[in-house]
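Next come the chains, spelled out residue by residue.
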Amino acid sequence: MKASSGRRTAIKKLVMSGIAVGLFPSLSEAERLSLESAPRKLKGNIHHSVCYWCYGKIPFEEFCAAVKELGIGAVDLIGPKDWDTLKKYDLDSSMCNGAEISLTKGWNDPQYHETLIKNYSEMIPLVARAGYKNLICFSGNRNGMDNETGLQNCTEGLKQIMSLAEANGVTIVMELLNSKLNHKDYMCDRSAWGVELCQRIGSENFKLLYDIYHMQVDEGDVIATIRKHHQYFAHYHTAGVPGRNEIDDTQELYYPAIMRAIVETGFKGYVAQEFVPKNPDKIASLREAIEICDV
């Protein structure tokens, strides 16, 4: 007897669920179904990435396999020990890390320059040999320092690694973080300060990570800032405001418009999801975020 369309669909779901259990043992049944229903073809106007730290309970290799199923091309904030796993799944390391000391101890304080110069001088060639382009850095906390002194110190320190970055085709990317809620006292907390630093360093191999969530918290005016200063932005992060959770209609930012503004600038880099899912089905939240941003 010929199986009905509904029966064939049910059989296919059973077969696929069995495969998914084997491939993704740490995911819930709902998360596996979210993967199976994910669209495989994205528009290509936005290059999608995701930060693994938001999904840290999922084993990294399993996460890479899931990311690939969702059509995402890269994983953010990954260091050398995990690059082989990324390559196994043909995923890019869209923002490398591992040279920084910490978010609070950064380039604005000369006492850390010797260590940072050594770290970045070792890491830049590794990033280049692996075929990657971006390496993150941080300003550090103010600790009573004024803006001008911080700019001078960052410029002096970072200029000492820029020739190496340029020779290797690696972009050093300083992240903009909010100092109002999440990173109290962080210095690079306004886009204008970061842009001024870029201008003082004067290299195409030093740019900013414009974190949409963080900048909405500290200064707002997201789309206008992207349009005005996009040439200084090498990378973008997302999250919902308030709360740093899903980027759906429970929060105040309208991400389709933001993504369209990014596309209109001619941006060819990555937009990485960095929200912390509240939904127990974390894969469903990630899938929805990619669909929202795929303009």
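Overview of the structure.

What counts and how
Residues numbered from 1 in each chain as written. Predicted model: local features only at pLDDT ≥ 70, side-chain atom pairs only at ≥ 80, totals over all residues. Heavy atoms only, no water. Helix = DSSP H or I, 4+ residues; strand = E, 2+ residues; numbered from the N terminus. Rg over C-alpha atoms; globule rule 2.2 N^0.38 Å. Buried < 20%, exposed > 50% of the residue type's maximum accessible area, 1.4 Å probe, protein only. Contact = heavy atoms within 4.5 Å. Areas by Shrake-Rupley, 256 points an atom, 1.4 Å probe, with all protein chains shown as cover. Pairing = 2+ DSSP bridges. Right-handed = clockwise from strand over helix to strand, strands pointing away. Lys, Arg positive; Asp, Glu negative; His and termini not counted. Salt bridge = Lys/Arg side-chain N within 4 Å of Asp/Glu carboxyl O. Polar contact = N/O pair within 3.5 Å; in protein donor to acceptor, adjacent residues only side chain to side chain. Phe/Tyr/Trp six-rings, centres within 6.5 Å; stacked < 30°, edge-to-face > 60°.

What follows concerns the overall build of the protein chain. Helix and strand counts for the protein chain stand at 11 helices and 8 strands. Computed over its C-alpha atoms, the radius of gyration of the protein chain comes to 20 Å, within 12% of the 19 Å expected for a compact globule of 295 residues. Overall, the protein chain is about 80 × 40 × 30 Å in size when its C-alpha atoms are taken along their principal axes. Within the span of the protein chain, comprising 295 residues, buried residues form 55% of the whole. If you take every contact in the protein chain between residues at least 6 apart in sequence, the share linking residues at least 24 apart comes to 73%. Accessible area for the protein chain stands at about 13,300 Å²; split by element, carbon and sulfur atoms hold 51% of it.

Looking now at the pairing of strand β5 (residues 171-175). Burial analysis of β5 places 5 of its 5 residues in the buried class, which makes it a mostly covered element. Residue alternation in β5 divides its side chains into two sets, Thr 171, Val 173 and Glu 175 and Ile 172 and Met 174, and both sets are buried. Bridging between strand β4 (residues 134-137) and β5 involves 4 bridges; their strand directions are parallel. Following the sheet pairing, Ile 136 is matched in β5 by Val 173. In this fold, the crossover linking β4 to β5 by way of helix α6 (residues 147-168) has right-handed handedness. The pairing of β5 with strand β6 (residues 206-211) spans 4 bridges and is parallel. Bridging from a neighbouring strand, Glu 175 pairs with Leu 209 of β6. The parallel pair β5 and β6, bridged by helix α7 (residues 191-201), forms a crossover whose chirality is right-handed.

Looking at the element boundaries, Glu 246 is found in the loop between β7 (233-238) and α10 (255-264). Despite being buried, Glu 246 has no salt bridge partner; Lys 278 is the closest side chain of opposite charge, sitting 6.5 Å away. Within polar-contact distance, the side chain of Glu 246 engages the side chain of Ser 285 at 2.6 Å. If near-sequence neighbours (up to four positions away) are discounted, Glu 246 is found in contact with Gly 240, Gln 251, Phe 275, Val 276, Pro 277, Lys 278, Asn 279 and Ser 285.

Turning our attention to the packing of aromatic side chains. This model, assessed by the stated rule, comprises 9 aromatic pairs. Between Tyr 52 and Phe 63, the aromatic rings sit 5.1 Å apart at their centres with planes inclined by 55 degrees, giving tilted as the arrangement. Separated by 11 residues along the polypeptide, Tyr 52 in the loop between β1 (47-51) and α3 (60-69) and Phe 63 in helix α3 bring together distant segments of the chain. On the basis of relative accessibility, which here comes to 17%, the residue Tyr 52 falls in the buried class. On the numbers, 6.0 Å between centres and 85 degrees between planes, the contact of Phe 233 with Tyr 236 is edge-to-face. Residue classification places Phe 233 among the buried positions, given a relative accessible area of 2%.

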